[in-house]
Amino acid sequence: MTRLAVHPWSLLVCVLILAGSSAVFSQAPDPLVVGSKKFTENVILGEIAKSAFAASDMEARHRAELGGTRILWNALLRGDIDVYPEYTGTLIQELLVDELGTLDPRSPEEQRTAIETILSELGIAMTAPLGFDNTYAVGVTSTTAKQLELTTISDLDAYPALRFGLTNEFLDREDGWPGLAAAYGLPQTNVRGLDHDLAYRALVAGDIDAMDVYTTDAEIAYYDLVTLTDDRAYFPSYRAIFLYRLDLPSEAVTALDGLTGTLNEADMRALNAAVKIDGELDRAVAASFVARLTGQEIETETETWVDRLWRHTVEHVRLVLIALALGLPLAIPLGVLAAKVPRLAPLILGGVGIIQTIPALALLVFMIPPLGIGEAPAIAALALYCLLPVVRNTHSAFESIPPALRDSAQSLAIGPWHRLWWIELPLATRSILAGIKTSAVITIGFATLGALIGAGGYGQPILTGIRLDDIGLILEGAIPAAIMAVGAQSLFDVVETRLLPRGLSS
């Protein structure tokens, strides 16, 4: 029986076409999209908004843990999300600081009017306060407070050697560390950025001496921490509100307005403790609260571990396949071009090398302004990251083709395109596949960061596990990602044996 002659690259081309076409048939976004920042209270408030919509027979999707304030704010302005929980102090001191100027002489009513006017011009509105104030504070352990006799932030001035662990956002915010240090004349220089949830563990373990806390954090009471009095009244009021787009349906606005004035500080601490300390699900805690508030039973999504693993696997595979489907058709021609036109080689190889040096998280953020949040910016960043190994291997493979083979092809009067397709590409296949294999493994690993901007995948349980201090959830994302990377490597080993011509496979 004769073996059907198939070009060694035909199979891979078909796979790339099929993978890329899946992007065209992506599902349309839900009518209402709720966003939330990457800390537990904000996630709970996002789930409360979603449950309030459900109580009014409106379907909504919650894109949880999207990152910091600016990511959520810009997503709201672009229309990537419809509503998210925010705080008045953040609006005044961070988001609208340039537009509002100094508001100290104004009454609360004048402040609210000024804020609402500016928001309206941006196509945004805000609810009345939900009922609690969650301001910043400096937290230390009770042992440190007793030993150093710390009761106020001013007392910190006497201890310049104290080690601070501050959330990365607080470290650079207008109302964060720079302003606080200036207002109090704090001399500490050992100040590092930490994830908020990891900072609590570092504080209790003695790796840092002080951190910024949110006054409704459940960990304050759980770890018996002391919050130092803001004796110079530096921090403003941070009353919780919802920001939403002006084109939000009226029934959705009514549902949000129904939440105003319903949560005091004790209530919010209890909700935070239920999730962070007792291990209850964010959505279950939020649904229970809204059910008590409205008298309606709110159905929550019941998802088994297997269901959750399958969903994250589908999301992760989708990110990786589409990124490779977009990146590889660009990478291989670039590698060929670099080999065929030597004067372009430094520019091409240098360009993809520079892309590879950009930190993955930074590249994701760079993609948000033109593409929004979700899959699109994650896929674009991943597609760029997969270029370098393939471009370099393709260039190297073509450079290493023996001149005698090229001369033989020319003596047979074979045209350049036929020579490329039928001779040079097959000869370069082994090296190119090695580059693709490397790119696939890199892409699988970097795809976990896509969860930071709402792309889903295995990064989602990792982020949630870090937030909730749940090793099981972290492993739920880390182990499958590692298995997928090993599986991809093995798959490409099989593809290599099938794709290479018989004379080149030995």
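Draft legend 1. Local environment of the packing of aromatic side chains. According to the stated counting rule, one finds 12 aromatic pairs in the structure shown. Ring geometry for Tyr200 against Tyr223: centres 6.3 Å apart, planes inclined by 25 degrees, an arrangement best described as stacked. On the criterion of sequence distance, the pair formed by Tyr200 in helix 10 (residues 196-205) and Tyr223 in the loop between helix 11 (219-222) and strand 9 (225-228) is long-range, its members being 23 residues apart. In this structure Tyr223 comes out as partly exposed when scored by relative accessible area, which is 26%. Here the aromatic cluster, defined as three or more aromatic residues joined through ring pairs, consists of Phe39, Tyr87, Tyr136, Phe170, Tyr214, Tyr234, Phe235 and Tyr238.

Draft legend 2. Here's a closer look at the pairing of strand 10 (residues 240-245). Burial of strand 10 is extensive: 6 of the 6 residues sit out of reach of the surface. Alternating residues of strand 10 divide into Ala240, Phe242 and Tyr244 and Ile241, Leu243 and Arg245, and every residue in both groups is buried. Bridging between strand 3 (residues 83-87) and strand 10 involves 5 bridges; their strand directions are antiparallel. Note that in strand 10 the partner of Pro85 across the bridge is Phe242. By the bridge criterion, 3 bridges tie strand 4 (residues 124-126) to strand 10 in an arrangement that is antiparallel. Within the sheet, the bridge partner assigned to Met126 lies in strand 10 and is Leu243.

Draft legend 3. Local environment of the environment of Glu496. Positionally, Glu496 belongs in helix 23 (residues 471-499). Note on Glu496: relative accessible area 14%, which makes it buried. Along the backbone, Glu496 and Arg430 are 66 residues apart, and their C-alpha atoms lie at a distance of 7.0 Å. When neighbours within four sequence positions are excluded, Glu496 is seen to be in contact with Arg430, Leu433 and Lys437.

Conventions adopted
- Residues numbered from 1 in each chain as written.
- Predicted model: local features only at pLDDT ≥ 70, side-chain atom pairs only at ≥ 80, totals over all residues.
- Heavy atoms only, no water.
- Phe/Tyr/Trp six-rings, centres within 6.5 Å; stacked < 30°, edge-to-face > 60°.
- Helix = DSSP H or I, 4+ residues; strand = E, 2+ residues; numbered from the N terminus.
- Buried < 20%, exposed > 50% of the residue type's maximum accessible area, 1.4 Å probe, protein only.
- Pairing = 2+ DSSP bridges.
- Contact = heavy atoms within 4.5 Å.

It is worth stressing that arrangement in space is one thing and function is another; only the former is reported here.
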